[in-house]
Amino acid sequence: MAASVSCHYFSSPLTTSTQSIKPKLNYSYFAPALSKGSIRHFVPLCSSQCSRPSESQEKEKDWFLSLKKCAAAVALSVSLISGLPGSEWLGPAHASTPALPDVSVLISGPPIKDPGALLRYALPIDNKAIREVQKPLEDITDSLKIAGLKALDSVERNTRQASRALKEGKTLIISGLAKSKADHAIELLDKLEVGLGELQQIVEDRNRDAVAPKQKELLNYVGGVEEDMVDGFPYEVPEEYQNMPLLKGRATVDMKVKVKDNPNLEECVFRIVLDGYNAPVTAGNFIDLVERHFYDGMEIQRADGFVVQTGDPEGPAEGFIDPSTEKTRTIPLEIMVVGEKAPLYGETLEELGLYKAQTRLPFNAFGTMAMAREEFENNSASSQVFWLLKESELTPSNANILDGRYAVFGYVTQNEDFLADLKVGDVIESVQVVSGLDNLVNPSYKIAG
């Protein structure tokens, strides 16, 4: 197959599957959980943080916020079971008197929903100069929301701002490069400078259709420069996890899915970027399973419009059985928080009392990839993975009730929209590593076969 990712898609309208599925839903939080057999009874899960703490003002605020999140979980669970939309329980997301007004404290600025942008901002770098080039280029996405050619006036401002930032900050950008990667990054900076001139010409020619492809090209250059600023792996993984497969960096995989009983979609290749900088244990576990061909031939096991899920092997086991131990291999819950230098392990952010913390890899993008686990066992994830599809009133970007409870480790960056067309029984023909396999440390597949 060619290097570019493509979907074999026909011109007739998309269809939506209504096929019943094997339940894998943690109704307590609307979170993908590992379960076999019949649907569990509805029992809303509120952590011990919901009990009232001391009377200090700050703790009282945190208590109310936790209580509201628990109430949101209950309402969402009831809406899922009853079939009623969440808006009938909590009202519109932007109502003038929202049911959960203080949730806004979790949101700082407009949410970033583009997977490429999320990955760029998640890199472990601190170089203001390159970020000042990046931001106006990212802002072109919002500029293009303006109707017609009027959008080009805003795009022109974005372009001039990025060009000025590059000219004024180039020296600082170069000083922040890893020495071993400097030559490659300088080459990208030269291409970026030329590309900005080309974008300016596109705007002057009033060629709106050419803006988005050029923006994507320029942001790829920016992302490449930013990756060339990362010098080695930025922290030590805790000792108890150091012998596990670890992805110390990033990797890209292609997942090819054969679609059954759909005249509109025959097969599709989804490109996924896995972020080992922010989830080395989780991403390493997945890459190791990919190299074992664990997912090849496996069916999509859940597709309900909210998530797509797979990874449950045949038989009684709910995860990967390590042939060297004959036991299920599990990994810890792994969450990187903005402002922290290393991930937090084994506890949800709610359990840690970090109600306002922002995750470095949030459930913001369509096709956010994360690990499923037992609902009451934080460290029970093994092989089951899911992709989040729906942004609802209770799962908005930047205030998602899944953030901090489930480990995100990557994003679908190409053909993510077609995830919505998958259904239970569609077959994953293959998952192959395209790049970044050399970042995998302690690969068990080389030892055990």
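In short, a report on the structure. Because the structure is predicted, anything quoted here is derived from the model rather than measured.

Conventions and cut-offs
Residues numbered from 1 in each chain as written. Predicted model: local features only at pLDDT ≥ 70, side-chain atom pairs only at ≥ 80, totals over all residues. Heavy atoms only, no water. Helix = DSSP H or I, 4+ residues; strand = E, 2+ residues; numbered from the N terminus. Expected span 1.5 Å × (residues − 1). Bend = angle between axes of the 7 residues up to and from the residue. Contact = heavy atoms within 4.5 Å. Salt bridge = Lys/Arg side-chain N within 4 Å of Asp/Glu carboxyl O. Buried < 20%, exposed > 50% of the residue type's maximum accessible area, 1.4 Å probe, protein only. Pairing = 2+ DSSP bridges. Axes fitted to C-alpha atoms, helices over the stretch in contact; angles between N-to-C directions. Parallel < 35°, antiparallel > 145°, perpendicular 65-115°, else oblique. Left-handed = near helix turned anticlockwise from the far one by under 90°. Nonpolar A, V, L, I, M, F, W, Y, C, P; charged D, E, K, R; others polar. Core = buried A, V, L, I, M, F, W, Y, C linked by side-chain atoms within 4.5 Å.

### A look at helix H5 (residues 151-175)
Step number 1: Helix length check: H5 (25 residues) gives 35 Å between terminal C-alpha atoms against 36 Å at 1.5 Å per residue, within 8%.
Step number 2: Of all bends in H5, the biggest is about 65°, found at Gly169.
Step number 3: In the core, the buried residues of H5 are packed alongside helix H4 (128-143), helix H6 (182-204) and helix H7 (211-227).

### Thoughts on the pattern of salt bridges
Step number 1: For the coordinates displayed, the defined rule picks out 23 salt bridges.
Step number 2: Two residues, Asp139 and Lys135, come together in a salt bridge whose shortest N-O distance is 2.9 Å. Here Asp139 pairs with Lys135, and both are found in helix H4, just four residues apart, close to one helical turn.
Step number 3: The class for Lys135 is partly exposed, based on a relative accessible area of 45%.
Step number 4: Residues Glu299 and Lys260 are paired through a salt bridge, measuring 3.9 Å at the closest nitrogen-oxygen approach.

### A word on H7
Step number 1: Taking 1.5 Å of rise per residue, 17 residues should cover 24 Å, and H7 covers 24 Å from first to last C-alpha, within 8% of that figure.
Step number 2: Those residues of H7 not exposed but buried are Val211, Lys214, Gln215, Leu218, Leu219, Tyr221, Val222, Gly223, Gly224, Val225 and Glu226.
Step number 3: Elements in contact with the buried residues of H7: helix H3 (115-121), H4, H5 and H6.

### Focus on the environment of Leu144
Step number 1: Mapped onto the elements of the fold, Leu144 is located in the loop between H4 and H5.
Step number 2: Between the C-alpha atom of Leu144 and that of Val155, which follows or precedes it by 11 residues, the distance is 7.4 Å.
Step number 3: The residues touching Leu144, leaving out its near neighbours within four places in the chain, are Ala151, Val155, Arg208, Val211 and Ala212.

### A few points about the pairing of strand S14 (residues 385-388)
Step number 1: Here S14 shows a buried face lined by Val385 and Trp387 and a second buried face lined by Phe386 and Leu388.
Step number 2: By the bridge criterion, four bridges tie strand S8 (residues 307-310) to S14 in an arrangement that is antiparallel. Note on S14: the bridge partner recorded for Val308 is Trp387.
Step number 3: Relative to S14, strand S13 (residues 368-371) runs antiparallel, the two sharing four bridges. When the sheet's bridge partners are listed, Ala370 is paired in S14 with Phe386.

### Description of the packing of H4 against H7
Step number 1: Remark: H4 packs on H7, axes separated minimally by 10 Å, with the N-to-C direction vectors making an angle of 155°. The pairing of H4 with H7 is recorded here as roughly antiparallel in orientation. Helix-helix and strand crossings are classified by hand; for H4 and H7 the assignment is left-handed. Within the contact between the two elements, H4 uses Ile130, Arg131, Val133, Gln134, Leu137, Glu138, Ile140 and Thr141 and H7 uses Val211, Gln215, Leu218, Leu219, Val222, Val225 and Glu226.
Step number 2: Of the residues that constitute the contact of H4 with H7, the class distribution is nine nonpolar, three polar and three charged.

### Quick word on unusual backbone geometry
Step number 1: You will see that Arg206, though not glycine, has its phi angle at about 60°, which is positive.
Step number 2: When you line up the elements, Arg206 lands in the loop between H6 and H7.

### Looking at the nonpolar core
Step number 1: Phe270, Leu274, Phe286, Tyr295, Trp387 and Phe409 are the most contacted members of the largest nonpolar core, which totals 47 residues.
Step number 2: Residue assignment for this core shows that the elements contributing at least two residues are strand S4 (246-247), strand S5 (250-258), strand S6 (265-275), helix H8 (280-291), S13, S14, strand S15 (408-414) and strand S16 (427-435).
Step number 3: Here this core gets six residues from one element, more than from any other, and that element is H8.
Step number 4: Residue contacts for Trp387: discarding those within four places in its chain leaves Met255, Ile272, Phe306, Val307, Val308, Thr310, Gly367, Thr368, Met369, Val412 and Leu419.
Step number 5: Ile125, Leu199, Met229 and Val230 belong to the second largest nonpolar core, which has 34 residues in total.

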